[in-house]
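Residues per chain, in single letters:
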Amino acid sequence: MLSMFILWIVVFVGIFRRWRWTPILVLVTLVWTALLLRLHITSPIPLEF
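Computed from a predicted model, the values in this text were never measured in an experiment. (Residues numbered from 1 in each chain as written. Predicted model: local features only at pLDDT ≥ 70, side-chain atom pairs only at ≥ 80, totals over all residues. Heavy atoms only, no water.)

(A) Representation of the overall build of the chain in the model. The number of helices and strands found in the chain is two helices and zero strands. Overall, the C-alpha framework of the chain stretches about 40 × 20 × 10 Å when taken along its three principal axes. For the chain, the accessible area works out to roughly 4,400 Å², and carbon and sulfur atoms hold 75% of it. (Helix = DSSP H or I, 4+ residues; strand = E, 2+ residues; numbered from the N terminus. Areas by Shrake-Rupley, 256 points an atom, 1.4 Å probe, with all protein chains shown as cover.)

(B) Representation of the packing of aromatic side chains in the model. This model, assessed by the stated rule, comprises two aromatic pairs. Seen in terms of ring centroids, W8 and F12 are 6.3 Å apart; in terms of plane orientation they differ by 35 degrees. Their pairing is tilted. Taken together, the positions of W8 and F12, both in helix α1 (residues 2–17) and four residues apart, correspond to about one turn of that helix. Residue classification places W8 among the partly exposed positions, given a relative accessible area of 24%. For F12, a relative accessible area of 48% corresponds to the partly exposed category. Measuring from ring centre to ring centre gives 5.0 Å for W19 and W21, while their planes differ by 20 degrees; the resulting arrangement is stacked. On the accessibility criterion, W21 (44% relative accessible area) is partly exposed. (Phe/Tyr/Trp six-rings, centres within 6.5 Å; stacked < 30°, edge-to-face > 60°. Buried < 20%, exposed > 50% of the residue type's maximum accessible area, 1.4 Å probe, protein only.)

(C) Fine view of unusual backbone geometry. We note that R18 has phi near 55 degrees; this positive angle belongs to a residue other than glycine. Structurally, the position occupied by R18 is in the loop between α1 and α2 (22–40). Judged by its relative accessible area of 74%, R18 is exposed.

(D) Up close: the packing of α1 against α2. Two elements in contact, α1 and α2, have axes separated by 10 Å at closest approach and are oriented at 160 degrees. On the basis of the axis angle, α1 is roughly antiparallel to α2. Here α1 runs over α2; the crossing is left-handed. The residues of α2 that touch α1, namely those facing S3, M4, L7, W8, V10, V11, G14 and I15, are T22, L25, V26, T29, L30, W32, T33 and L36. Within the contact of α1 with α2, the residues separate by chemical class into eleven nonpolar, five polar and no charged. (Axes fitted to C-alpha atoms, helices over the stretch in contact; angles between N-to-C directions. Parallel < 35°, antiparallel > 145°, perpendicular 65-115°, else oblique. Left-handed = near helix turned anticlockwise from the far one by under 90°. Contact = heavy atoms within 4.5 Å. Nonpolar A, V, L, I, M, F, W, Y, C, P; charged D, E, K, R; others polar.)

Shown next, in the form of structure tokens:
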């Protein structure tokens, strides 16, 4: 979960500094976030990802 937090910080810094590789990092971070949530959610409520 810490890696997800750090990646999102880098994404926001990249947006404000207008780094050219930020859109690629956004896609990677979204996939990583979805993967971590899918692996760590243990709630009995079914979520559709």
